[in-house]
Amino acid sequence: MIICTAGHVDHGKTSLLHALTGTDTTHLPEEQKRGLTIDLGYAYLPIENDILGFIDVPGHQRFLSNMLAGLGGINHALLVISAEEGIKPQTEEHLDILRLLNFQHIMVVITKADRVEAEQISALIEKVKTTYPFLAEAKTFVTSAKTSQGIEELKAHLIQLNQQNPQINKPFRYAIDRVFNVKGAGLVVTGTTVSGKVAVGSELFLSNGKKVRVKAIHAQNSPSEIGVAGQRLALNIANVEKEEIQRGDWITELEPKFATDRITVALTANQTFKENCVVHFYHFASHITGKLNLLEAKQAVKNQQFFAEVILDEPLHIAVSDKIILRSGDDSQTLAGAEVLEIHSSKRHKRTDERLALVKNLAKTTACNDFAARVKCVLENKAAALDFLLWAEQCFASDVAELGFDTSSKWVFNASFKTEAQQRVMAKIAEYHQQHQDQIGVTKARLYRIALLDLPELLVYQFIDDLVEQKQLTNSRGWLHLPEHRIEFTVSELQLWQQIRPLFEATNQALWVRDVASSLSVDETEMRNLLYKAGKLGYLIPIVKDRFLLSEQIAEFAVLIKEFVAEHGSISVNQLRDQLNYGRKLTVQLIEYFDRSGFLRRKGDVHLLRDRETF
C-alpha cells in the first residue's frame, strides 16, 4: 500500500515521514539546501509480511505537477496541517485535489503539536471538520516529530489499513516517472504500479509498443522477485535505451495500441467555468494541454457534477475509470477532478439524447465500479474489438468471457446485436433479388455496403460467413444469394456453354461476343444473350461491353495485382501490361474494370488496392 502526504509548504510533511520511517525524503541536493520538497520524495516502513510506502508530494505551488504525478493510482492520504499555522492556501488546494480524485481515505494529521497549546489544536480540528464537511468522519491524529507524540498511534492505524488490493487481478499497468542508468545494472525506471503484478523475467510493452524484459525489481525500496498493484517499483529493464523512454510513459501487459486524444469524463467542478475552455490535463505522470467541452450545460458550477468531452493536444494511454485533474488554461487554478467514462469518444452526435443516455449509464456503472454492468452497457447496441475492450477496461479476455460473451474472435458483441445485424443483411439481399431478378446475387463487399455500412467491415464479413455456414445464404462462385434464388441455363444453353467455355480456357485473352459467335457459327445476338447470362451466373465477367473473361481468370489477375501492390505500393497500366503480356488497350480495359468494381482505385497515373476481399 502507498500513502501520500499532502499539505502546505513547511507544515512538516517530510519530518513526519522521517519520524514514521526513519527516512529523509528530501533526497535531492537542491531540496536539502532549500529545505523543501521539489520532486517526489519516498519513504518506506517495513511491517509484518509487507512494506508500506509513502510519497511526500511537494507543497510549493510551482511544483504542483509533481504532486499530481504522485497521486496516480493511490487511495490513501495524510493531510498534514501545522498546529502553528493552520489551514493555508496550499492546504486548501491539495485538499481540493484529494477530494476531486476521490481518495478513499483521507486522514488529518496535525503536526508541530509541541509548539502550541491543546486548546489551539482542538479549535483547529473543529475548524477543519466544519469547513470541510466531507472530513467530518476522517480519522485525526495530533503529532509532533520532535517529541514523537501520536507517531505510534498513526503508524498502527496505517498498518491496520493495509489490505489486499483487488487491482492485483488486472493486467499489469505501471506509470513511469523517472528514467536513469545504474552502473553495472543498466536502465532503471521508477513509478507506481496502478494494477496487476510483474515478476523478474516478464516481457512487457512500453508505450511505443516496444517489448522490454524485466531483469530485476525493487518493490517498496527492497529487492523482490515480484511487484504488485499499489507498490512503488523500480524496474531494471532490458532491450531499450534511455532515450526511448520519458516521464509519463507506461509499461503494460496489454499491447498499448489505443492511445486516445478524445475522451468522455464525469467531472466534479471545483469552481465555476464556461462550457468550452482550454485546460491543463494531469493524468498520472503526464501533463499536457487540451480543450474541454461540457455536454449538457453552458457553465459548470462549483461542487456539481457534469459530463464533458476532453480533446487532448496529443494522445495519451488512458483507460476507463482513470482519475484526472483539470486546471485552468494558465495552470493557476484547479477547475475539476474527473473520472474517465470512455476513450476514443465519438466525434459526431455527441449531444443527442441517445448519446447522453449512454454517457449517463456509463457514469452509473463506473461510479459503483460495476465491471459487468459497464461492459454490457458498452455492448448494448454495438460490437467492440476485443483488444480495444480489454485495453479500455484493463481486463483479461477471461473476465469478459465470464460475463457470457464469446471471446473466440476479434470482436465482442451480444446475441441480440448479431441477430439484428444479420436480419438487416437478409432483408437487404431479399430486396436486391426483387429489384434484380435477372442477377444471381451480390459480392460480399457490396452486400456489406448496402446492408451494414455503419459497422466495421471485417465484423460484417464474419456475420455474413456465419449466415453462409448456417445455409441461410448461399455462395455461388463468389456471388451471395438466398438459397431459393436461382438463375439457370436451359438445356440448349447448357449444351452451347459447354462449347463456349473451352474457347476461353484455351487463351488468357478477353474474347469479344462477335468472335465467339463466329467461331461456333451462332447468331451474334443469341451469343450475346448467352454470354451475359453466363456473367450473371458467375462464369464470365464483361470487362467492357461485349468483351469477356472467365471469372477464374479475373481472380488470378486479382491475386497477381495484390502481390504486386503489396511489394510496390501501387500498380500502373504499363506495369500490369508487363505482368500479363497484354496489349495496352486490353490492359487499360481490365484495370478500369478493376477500378469500377471497387477492387482498385485510381490515384494519378497509378492504381491503389481498395478492397482486397472483392475477388
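Quick summary incoming for the structure in this document. Everything quoted here is computed from the prediction, not taken from an experiment. Numbering of residues starts from 1 in every chain and runs along the sequence as written. The predicted nature of this model means local features are confined to residues of pLDDT at least 70 and side-chain atom pairs, given and counted, to a pLDDT of 80 or more, with totals for whole chains, interfaces and linings taken over all residues. The basis for the side-chain values is all heavy atoms of the structure; hydrogens and waters are excluded.

### Describing the overall build of the chain
Right, so step 1: When helices and strands are tallied, the chain shows 19 helices and 32 strands.
Right, so step 2: Radius of gyration: C-alpha atoms only; globule rule: 2.2 Å multiplied by the number of residues to the exponent 0.38. Computed over the C-alpha atoms, the radius of gyration of the chain is 34 Å, more than 25% above the 25 Å expected from 2.2 N^0.38 for a compact globule of 615 residues.
Right, so step 3: Each principal axis of the C-alpha atoms in the chain carries an extent, and together these give about 120 × 55 × 45 Å.
Right, so step 4: Burial classes follow relative accessibility: with a 1.4 Å probe on protein chains only, a residue under 20% of its type's maximum area counts as buried, one over 50% as exposed, and anything between as partly exposed. Burial statistics for the chain: of 615 residues in total, 52% are counted as buried. Where helices and strands are cited, they refer to DSSP runs of H or I of at least four residues and of E of at least two residues respectively, numbered from the N terminus.

### Digging into the sheet that holds strand β21 (residues 305-316)
Right, so step 1: Pairing between two strands is assigned when DSSP locates at least 2 bridges connecting them. The sheet built from six strands closes into a barrel, its strands ordered β16-β21-β19-β18-β22-β23 with antiparallel pairing. The average undirected angle you get between the axes of adjacent strands in this sheet is 40°.
Right, so step 2: Two elements, strand β16 (residues 260-269) and β21, share eight bridges in a ladder whose sense is antiparallel. Each residue of the ladder has a partner; that of L267, found in β21, is F306.
Right, so step 3: Should any heavy atoms of two residues lie within 4.5 Å, those residues are considered in contact. The angle between two axes is taken between their N-to-C directions and runs from 0 to 180 degrees, where each axis is a line fitted to C-alpha atoms and a helix contributes only its stretch in contact. Contacts between helix α4 (residues 89-100) and the sheet are confined to β16, β22 (323-327) and β23 (334-343), with β23 contributing the most and set at about 20° to the helix.
Right, so step 4: In the packing of helix α7 (residues 353-367) onto the sheet, contacts are made with β16, β21 and β23, and the angle to β23 comes to roughly 100°.

### Considering the packing of aromatic side chains
The geometry of an aromatic ring pair is captured by two quantities: the separation of the ring centres and the angle between the planes.
Right, so step 1: Two aromatic rings, drawn from Phe, Tyr or Trp (for Trp, its six-membered ring), form a pair once their centres lie within 6.5 Å of each other, and the interplanar angle then sorts them: stacked below 30 degrees, edge-to-face above 60, tilted otherwise. Under the defined criterion, the tally for this structure stands at 14 aromatic pairs.
Right, so step 2: Ring geometry for F489 versus Y539: centroids 6.0 Å apart, planes at 15°, classification stacked. Note that F489 is positioned in the loop between β27 (479-481) and α14 (491-505) and Y539 in the loop between α16 (524-536) and β29 (540-544), a separation of 50 residues in sequence.
Right, so step 3: Residue Y539 is classed as partly exposed on the basis of its relative accessible area, which comes to 23%.
Right, so step 4: The structure contains a cluster of three or more aromatic residues connected by ring pairs, namely F413, F417 and F463.
Right, so step 5: When the ring centre of W250 is taken as reference, the NZ or CZ atom of R173 above it lies at 4.3 Å. Geometrically, a charge over a ring is one whose NZ (Lys) or CZ (Arg) sits within 6 Å of the ring centre while staying within 35 degrees of the ring normal.

### Details of the packing of helix α11 (residues 415-435) against helix α13 (residues 457-469)
Right, so step 1: Interhelical geometry of α11 versus α13 gives an angle of 75° and a closest axis separation of 10 Å. Between α11 and α13, the interaxial angle falls into the category roughly perpendicular. Of α13, the residues touching α11 (which contributes F417, K418, A421, Q422, V425 and M426) are L459, F463, I464, D466 and L467.
Right, so step 2: In this count, Pro and Cys sit with the nonpolar residues alongside Ala, Val, Leu, Ile, Met, Phe, Trp and Tyr, while Asp, Glu, Lys and Arg are called charged and the others, Gly among them, polar. Its residues placed into classes, the contact of α11 with α13 shows eight nonpolar, one polar and two charged. Orientation categories follow fixed angle ranges, with anything under 35 degrees roughly parallel, anything over 145 roughly antiparallel, 65 to 115 roughly perpendicular, and all other angles oblique.

### Quick look at the pattern of salt bridges
Right, so step 1: By definition here, a salt bridge exists when the distance from a side-chain nitrogen of Lys or Arg to a carboxyl oxygen of Asp or Glu is within 4 Å. Applying the stated criterion to the full structure yields 27 salt bridges.
Right, so step 2: R327 serves as the salt-bridge partner of E93, at 2.5 Å between the closest nitrogen and oxygen. In this pair, E93 is assigned in helix α4 and R327 in strand β22, connecting sequence segments 234 residues apart.
Right, so step 3: Taking the relative accessible area as the measure of exposure, E93 reaches 13% and is therefore buried.
Right, so step 4: Among the charged side chains, a salt-bridge network with shared partners connects E93, R327 and D331.

### Description of the packing of helix α18 (residues 573-580) against helix α19 (residues 584-597)
Right, so step 1: Where α18 contacts α19, the two axes come as close as 9 Å, and the packing angle between them is 110°. Classed by the angle they form, the pair α18 and α19 counts as roughly perpendicular. For the pair α18 and α19, the crossing hand works out as right-handed. Contacts between α18 and α19 involve V573, N574, L576, R577 and L580 from the former and R584, T587, V588, L590 and I591 from the latter. Helix crossings are classified by the rotation of the near helix relative to the far one: an anticlockwise turn of less than a right angle makes the crossing left-handed, while a clockwise turn makes it right-handed.

### Examining the sheet that holds strand β30 (residues 547-550)
Right, so step 1: An order of β28-β30-β29 is seen for the three strands of this open sheet, with the pairing classed as antiparallel. Of all the strands in the sheet, just β28 (511-512) and β29 have a single pairing partner and so form its edges.
Right, so step 2: In this structure, β28 lies alongside β30, joined through two bridges in antiparallel fashion. Among the inter-strand pairings, W512 is bridged to a residue of β30, identified as R547.
Right, so step 3: Where α16 meets the sheet, its contacts fall on β29 and β30, and the angle it forms with β29 comes to roughly 110°.
Right, so step 4: Of the strands in this sheet, β29 and β30 touch helix α17 (residues 551-568), which is tilted by about 75° from β30.

### With respect to the nonpolar core
Right, so step 1: One finds L267, F273, F281 and L292 to be the most contacted residues of the largest nonpolar core, which totals 50 residues.
Right, so step 2: Setting aside residues up to four positions removed in sequence, F281 forms contacts with I263, S286, H287, I288, V310, L312, L316, I318, I324, I325 and L326.
Right, so step 3: Among buried residues, the Ala, Val, Leu, Ile, Met, Phe, Trp, Tyr and Cys ones that are joined through side-chain atoms within 4.5 Å form a nonpolar core. Counting residues in each nonpolar core, the second largest holds 29 residues, with A6, L95, L98 and V128 among its members.

### Regarding α13
Right, so step 1: If you check α13, its first and last C-alpha atoms are 18 Å apart, about what 13 residues at 1.5 Å a residue would give, namely 18 Å.
Right, so step 2: Tucked into the core, α13 has its buried residues touching β25 (411-412), α11, α12 (444-451) and β27.
Right, so step 3: Within two residues after α13, K471 carries a phi angle of roughly 65°, on the positive side. One less than the residue count of a helix, multiplied by 1.5 Å, gives the span that helix is expected to have.

### Some words on the pairing of strand β19 (residues 286-294)
Right, so step 1: In this sheet, β19 lies alongside strand β18 (residues 276-283) in antiparallel orientation, the contact comprising eight bridges. The residue of β19 that forms the bridge with F281 is I288.
Right, so step 2: Between β18 and β19, which pair antiparallel one after the other, the connecting turn spans two residues, and F284 there sits at a positive phi close to 50°.
Right, so step 3: Pairing analysis gives five bridges linking β19 to β21, with the strands arranged antiparallel. Within β21, the residue paired with L294 across the bridge is A308.

### Re the pairing of β18
Right, so step 1: Among the eight residues of β18, six are classified as buried, and the element is accordingly described as predominantly covered.
Right, so step 2: When β18 meets β22, the two strands line up antiparallel, connected through three bridges. Looking at β22, one finds that F281 is bridged to L326.

### Notes on unusual backbone geometry
Right, so step 1: Here K471, not a glycine, exhibits a phi torsion of approximately 65°, which is positive.
Right, so step 2: With a phi close to 55°, S521 is a non-glycine residue in the positive phi region.
Right, so step 3: One can find S521 in the loop between α15 (513-520) and α16.
Right, so step 4: Assessed through its relative accessible area of 70%, S521 is described here as exposed.

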